[in-house]
Amino acid sequence: MFFRQLLAKDATLSYFLGCGSCHVGVAVDPVLGDEDWFIEQAAKQDVKITHVIDTHVHADHYSGGRALAERTGAAYCLHEANAKRVKFGFAPLVDGQRIDVGNVFVDVVHTPGHTPDSLCLVVTDKRRTEAPWFVLTGDTLFVGSVGRPDLAGQEQAMAGELYDTLQGKLMTLPAEVELYPGHTSGSACGAGLSGKPMSTIGFEKRWNPMLSMTRDAFVAALTAGIPPRPAEMDRMVAFNLGN
Ligand SMILES: [Fe+2]
(Lines give C-alpha, C1' and ligand atoms only; values in the text may rest on other atoms or scores of the structure.)
Protein backbone atom coordinates (compact mmCIF):
# COMPACT_ATOMS: atom_id res chain seq x y z
CA MET A 1 0.00 0.00 0.00
CA PHE A 2 0.98 3.65 -0.19
CA PHE A 3 0.14 6.30 2.37
CA ARG A 4 0.68 10.07 2.40
CA GLN A 5 -0.16 12.67 5.02
CA LEU A 6 -0.47 16.34 4.02
CA LEU A 7 -0.26 19.20 6.50
CA ALA A 8 -2.81 21.58 4.98
CA LYS A 9 -4.16 25.01 5.92
CA ASP A 10 -5.37 25.73 9.47
CA ALA A 11 -3.51 22.77 10.98
CA THR A 12 -5.67 20.33 9.03
CA LEU A 13 -4.21 16.92 8.12
CA SER A 14 -5.32 15.31 4.85
CA TYR A 15 -4.55 11.79 3.65
CA PHE A 16 -4.04 9.91 0.43
CA LEU A 17 -3.73 6.14 0.55
CA GLY A 18 -4.37 3.10 -1.54
CA CYS A 19 -2.95 0.17 -3.44
CA GLY A 20 -0.16 0.78 -5.95
CA SER A 21 -0.39 -2.73 -7.44
CA CYS A 22 -4.09 -2.30 -8.24
CA HIS A 23 -3.71 1.40 -9.18
CA VAL A 24 -6.45 2.74 -6.91
CA GLY A 25 -6.44 5.32 -4.13
CA VAL A 26 -8.66 7.17 -1.67
CA ALA A 27 -8.37 10.84 -0.65
CA VAL A 28 -9.50 11.81 2.86
CA ASP A 29 -10.36 15.32 4.06
CA PRO A 30 -8.84 17.34 1.21
CA VAL A 31 -8.85 21.11 1.82
CA LEU A 32 -10.08 23.40 -0.95
CA GLY A 33 -7.09 24.47 -3.04
CA ASP A 34 -5.15 21.24 -2.48
CA GLU A 35 -6.79 19.32 -5.34
CA ASP A 36 -3.63 19.58 -7.47
CA TRP A 37 -1.53 17.94 -4.74
CA PHE A 38 -3.81 14.89 -4.73
CA ILE A 39 -3.85 14.73 -8.52
CA GLU A 40 -0.04 14.97 -8.65
CA GLN A 41 0.33 12.27 -5.98
CA ALA A 42 -2.07 10.02 -7.90
CA ALA A 43 -0.02 10.54 -11.08
CA LYS A 44 3.23 9.75 -9.20
CA GLN A 45 1.73 6.56 -7.79
CA ASP A 46 0.02 5.74 -11.11
CA VAL A 47 -3.33 5.32 -9.37
CA LYS A 48 -6.88 6.41 -10.04
CA ILE A 49 -8.66 8.16 -7.17
CA THR A 50 -11.83 6.11 -6.70
CA HIS A 51 -13.20 7.70 -3.50
CA VAL A 52 -12.93 11.10 -1.86
CA ILE A 53 -14.12 10.95 1.75
CA ASP A 54 -14.82 13.77 4.18
CA THR A 55 -14.83 12.44 7.75
CA HIS A 56 -17.62 14.95 8.51
CA VAL A 57 -19.06 18.19 7.17
CA HIS A 58 -16.26 20.50 8.27
CA ALA A 59 -16.87 23.74 10.14
CA ASP A 60 -13.29 25.05 10.22
CA HIS A 61 -12.24 24.93 6.58
CA TYR A 62 -13.60 24.82 3.04
CA SER A 63 -13.58 21.21 1.89
CA GLY A 64 -11.92 20.37 -1.41
CA GLY A 65 -13.76 17.04 -1.46
CA ARG A 66 -16.41 17.81 -4.03
CA ALA A 67 -14.01 19.68 -6.32
CA LEU A 68 -11.48 16.83 -6.22
CA ALA A 69 -14.18 14.21 -6.85
CA GLU A 70 -15.50 16.19 -9.82
CA ARG A 71 -12.04 16.58 -11.33
CA THR A 72 -11.09 12.92 -10.93
CA GLY A 73 -14.43 11.15 -11.44
CA ALA A 74 -14.19 9.69 -7.92
CA ALA A 75 -17.22 9.09 -5.70
CA TYR A 76 -17.63 11.85 -3.09
CA CYS A 77 -18.47 10.16 0.20
CA LEU A 78 -19.99 11.42 3.45
CA HIS A 79 -21.80 9.67 6.26
CA GLU A 80 -25.40 8.89 5.40
CA ALA A 81 -26.65 11.21 8.20
CA ASN A 82 -26.08 14.09 5.76
CA ALA A 83 -28.70 12.91 3.25
CA LYS A 84 -31.21 15.61 4.15
CA ARG A 85 -28.82 18.53 4.77
CA VAL A 86 -26.51 18.35 1.79
CA LYS A 87 -27.63 20.04 -1.43
CA PHE A 88 -25.71 17.80 -3.86
CA GLY A 89 -25.42 14.13 -4.66
CA PHE A 90 -22.93 12.06 -2.67
CA ALA A 91 -22.22 8.41 -1.93
CA PRO A 92 -23.61 7.76 1.57
CA LEU A 93 -21.36 5.76 3.91
CA VAL A 94 -22.83 3.55 6.64
CA ASP A 95 -21.34 2.11 9.81
CA GLY A 96 -19.63 -1.21 9.13
CA GLN A 97 -19.24 -0.61 5.40
CA ARG A 98 -16.01 -1.88 3.84
CA ILE A 99 -14.49 0.00 0.90
CA ASP A 100 -12.18 -2.22 -1.16
CA VAL A 101 -9.16 -0.34 -2.46
CA GLY A 102 -7.20 -3.08 -4.20
CA ASN A 103 -5.29 -4.92 -1.47
CA VAL A 104 -6.35 -2.35 1.09
CA PHE A 105 -9.59 -2.31 3.09
CA VAL A 106 -11.09 0.87 4.46
CA ASP A 107 -13.72 0.09 7.10
CA VAL A 108 -16.19 2.83 7.98
CA VAL A 109 -16.98 3.36 11.67
CA HIS A 110 -19.69 5.86 12.57
CA THR A 111 -18.27 7.89 15.48
CA PRO A 112 -20.73 10.64 16.49
CA GLY A 113 -19.63 13.22 19.07
CA HIS A 114 -17.59 15.97 17.40
CA THR A 115 -20.52 16.12 14.97
CA PRO A 116 -23.44 13.72 14.44
CA ASP A 117 -22.05 12.64 11.04
CA SER A 118 -18.43 12.01 12.10
CA LEU A 119 -16.78 8.83 10.95
CA CYS A 120 -13.44 7.14 11.42
CA LEU A 121 -11.73 4.96 8.81
CA VAL A 122 -9.97 1.77 9.91
CA VAL A 123 -7.37 0.73 7.34
CA THR A 124 -6.00 -2.75 6.69
CA ASP A 125 -3.35 -3.92 4.24
CA LYS A 126 -4.30 -7.50 3.50
CA ARG A 127 -0.88 -8.15 1.95
CA ARG A 128 0.49 -7.76 5.50
CA THR A 129 -2.34 -9.11 7.65
CA GLU A 130 -6.12 -9.00 7.91
CA ALA A 131 -5.76 -7.13 11.23
CA PRO A 132 -6.21 -3.35 11.15
CA TRP A 133 -2.99 -1.33 10.80
CA PHE A 134 -4.13 2.23 11.39
CA VAL A 135 -7.16 4.44 11.86
CA LEU A 136 -7.91 7.88 10.46
CA THR A 137 -9.77 9.50 13.33
CA GLY A 138 -10.96 12.76 11.74
CA ASP A 139 -11.90 15.18 14.53
CA THR A 140 -13.08 12.44 16.89
CA LEU A 141 -9.75 11.63 18.57
CA PHE A 142 -6.63 13.78 18.34
CA VAL A 143 -3.10 13.18 19.62
CA GLY A 144 -3.40 14.27 23.25
CA SER A 145 -6.95 15.58 22.90
CA VAL A 146 -10.44 14.93 21.50
CA GLY A 147 -12.78 16.83 19.18
CA ARG A 148 -14.85 19.72 20.46
CA PRO A 149 -18.49 18.71 20.91
CA ASP A 150 -20.31 21.97 20.29
CA LEU A 151 -20.17 22.82 16.60
CA ALA A 152 -23.54 21.23 15.90
CA GLY A 153 -25.08 22.66 19.11
CA GLN A 154 -26.24 20.57 22.10
CA GLU A 155 -22.73 20.31 23.50
CA GLN A 156 -23.68 18.36 26.64
CA ALA A 157 -25.43 15.62 24.68
CA MET A 158 -22.74 15.55 22.01
CA ALA A 159 -19.97 15.34 24.64
CA GLY A 160 -21.74 12.27 26.07
CA GLU A 161 -21.95 10.74 22.60
CA LEU A 162 -18.28 11.43 22.07
CA TYR A 163 -17.42 9.60 25.30
CA ASP A 164 -19.46 6.58 24.19
CA THR A 165 -17.83 6.64 20.74
CA LEU A 166 -14.30 6.87 22.15
CA GLN A 167 -14.70 4.21 24.81
CA GLY A 168 -17.06 1.89 22.93
CA LYS A 169 -15.51 2.05 19.47
CA LEU A 170 -11.99 3.50 19.19
CA MET A 171 -10.61 2.16 22.48
CA THR A 172 -11.69 -1.36 21.50
CA LEU A 173 -9.14 -1.36 18.64
CA PRO A 174 -5.85 -3.19 19.33
CA ALA A 175 -3.26 -1.06 21.16
CA GLU A 176 -0.73 -1.26 18.31
CA VAL A 177 -3.12 0.33 15.80
CA GLU A 178 -1.69 3.66 14.62
CA LEU A 179 -3.80 6.79 14.85
CA TYR A 180 -3.77 9.59 12.27
CA PRO A 181 -5.94 12.56 13.28
CA GLY A 182 -7.70 15.22 11.21
CA HIS A 183 -5.80 18.07 12.86
CA THR A 184 -2.57 18.89 14.63
CA SER A 185 -1.90 21.68 17.15
CA GLY A 186 -3.24 25.09 16.13
CA SER A 187 -6.66 23.82 15.05
CA ALA A 188 -9.95 25.37 16.13
CA CYS A 189 -11.57 21.90 16.22
CA GLY A 190 -10.22 20.98 19.65
CA ALA A 191 -8.10 22.19 22.57
CA GLY A 192 -4.69 20.94 23.71
CA LEU A 193 -3.74 19.01 20.58
CA SER A 194 -0.18 17.75 20.28
CA GLY A 195 2.00 18.99 17.43
CA LYS A 196 2.90 15.39 16.63
CA PRO A 197 0.78 14.22 13.70
CA MET A 198 0.39 10.56 14.71
CA SER A 199 0.17 8.28 17.72
CA THR A 200 -1.17 4.83 18.56
CA ILE A 201 -4.37 3.69 20.23
CA GLY A 202 -2.32 2.23 23.10
CA PHE A 203 -0.30 5.40 23.72
CA GLU A 204 -3.43 7.55 23.72
CA LYS A 205 -5.28 5.12 25.99
CA ARG A 206 -2.47 5.45 28.50
CA TRP A 207 -1.57 9.14 28.21
CA ASN A 208 -4.44 11.12 26.65
CA PRO A 209 -6.06 12.80 29.69
CA MET A 210 -9.52 12.70 28.10
CA LEU A 211 -9.49 8.91 27.89
CA SER A 212 -9.06 8.14 31.58
CA MET A 213 -12.13 9.96 32.96
CA THR A 214 -15.57 8.83 33.97
CA ARG A 215 -18.37 9.81 31.58
CA ASP A 216 -19.56 12.64 33.85
CA ALA A 217 -16.05 14.03 34.34
CA PHE A 218 -15.40 13.82 30.58
CA VAL A 219 -18.58 15.76 29.75
CA ALA A 220 -17.79 18.40 32.38
CA ALA A 221 -14.16 18.81 31.26
CA LEU A 222 -14.98 18.95 27.57
CA THR A 223 -17.82 21.45 27.86
CA ALA A 224 -15.81 23.66 30.26
CA GLY A 225 -12.87 24.07 27.87
CA ILE A 226 -14.59 24.91 24.60
CA PRO A 227 -12.41 27.10 22.36
CA PRO A 228 -13.83 30.08 20.42
CA ARG A 229 -15.84 29.13 17.34
CA PRO A 230 -13.85 29.11 14.10
CA ALA A 231 -13.91 32.41 12.19
CA GLU A 232 -16.10 32.16 9.07
CA MET A 233 -17.67 28.98 10.46
CA ASP A 234 -21.18 29.63 9.13
CA ARG A 235 -19.91 30.38 5.63
CA MET A 236 -17.68 27.31 5.66
CA VAL A 237 -20.48 25.00 6.75
CA ALA A 238 -22.84 26.49 4.13
CA PHE A 239 -20.22 25.99 1.40
CA ASN A 240 -19.50 22.43 2.53
CA LEU A 241 -23.24 21.65 2.50
CA GLY A 242 -23.58 23.08 -1.00
CA ASN A 243 -25.73 26.05 0.05
FE1 LIG B 1 -14.18 19.23 12.49
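The structure we're discussing is the one just above.
Residues numbered from 1 in each chain as written. Predicted model: local features only at pLDDT ≥ 70, side-chain atom pairs only at ≥ 80, totals over all residues. Heavy atoms only, no water.

Q: Whenever I open this one, the packing of helix H1 (residues 35–45) against helix H2 (residues 65–72) confuses me. Can you help?
A: To characterise two packed helices, one gives the angle between the axes of the helices and the distance between these axes. Running from N to C, H1 and H2 cross one another at 40°; their axes reach a closest spacing of 9 Å. It follows that H1 is oblique to H2 by the angle criterion. For the pair H1 and H2, the sense of crossing is right-handed. Contacts between H1 and H2 pair Glu35, Asp36, Phe38 and Ile39 from the former with Ala67, Leu68, Arg71 and Thr72 from the latter. Grouping the constituent residues of the contact of H1 with H2 by class yields four nonpolar, one polar and three charged. (Axes fitted to C-alpha atoms, helices over the stretch in contact; angles between N-to-C directions. Helix = DSSP H or I, 4+ residues; strand = E, 2+ residues; numbered from the N terminus. Parallel < 35°, antiparallel > 145°, perpendicular 65-115°, else oblique. Left-handed = near helix turned anticlockwise from the far one by under 90°. Contact = heavy atoms within 4.5 Å. Nonpolar A, V, L, I, M, F, W, Y, C, P; charged D, E, K, R; others polar.)

Q: Explain the state of the cysteines here, please?
A: Working definition of a disulfide: a covalent bond connecting the sulfur atoms of two cysteines. Evaluated as defined, the whole model comprises zero disulfides. Sulfur of cysteine 19: no disulfide; nearest cysteine sulfur belongs to cysteine 22 and is 3.7 Å away. (Disulfide = S-S within 2.5 Å.)

Q: Please clarify how the pairing of strand E3 (residues 24–28) should be interpreted in this entry.
A: Consecutive side chains of a regular strand alternate in pointing toward one face of the sheet and then the other. When you tally the buried positions in E3, you get five out of five residues, the bulk of the element. Because side chains alternate across E3, one face comprises the buried residues Val24, Val26 and Val28, and the other comprises Gly25 and Ala27, equally buried. In this sheet, E3 lies alongside strand E2 (residues 13–19) in antiparallel orientation, the contact comprising five bridges. The residue of E3 that forms the bridge with cysteine 19 is valine 24. In this structure, the hairpin formed by E2 and E3 is closed by a connection of four residues, where histidine 23 is found at a positive phi of approximately 65°. In terms of strand pairing, E3 meets strand E4 (residues 48–53) through five bridges, oriented parallel. The partner of valine 24 across the bridge, within E4, is lysine 48. After leaving E3, the chain enters H1 and then returns to the sheet as E4, a path that is right-handed. (Buried < 20%, exposed > 50% of the residue type's maximum accessible area, 1.4 Å probe, protein only. Pairing = 2+ DSSP bridges. Right-handed = clockwise from strand over helix to strand, strands pointing away.)

Q: Any chance you could explain the sheet that holds E3 here in plain terms?
A: Consider a sheet: its strands pair through backbone hydrogen bonds, and that pairing is either parallel or antiparallel. Strand order in the open sheet formed by six strands is E1-E2-E3-E4-E5-E6, and the pairing between neighbours is mixed. Bordering the open sheet on either side are strand E1 (2–7) and strand E6 (91–93), each of which pairs with just one other strand. The mean inter-strand angle of the sheet, taken between neighbouring strand axes irrespective of direction, is 25°. Those strands touched by H2 are E3, E4 and strand E5 (75–79), and its axis lies near 155° from that of E4.

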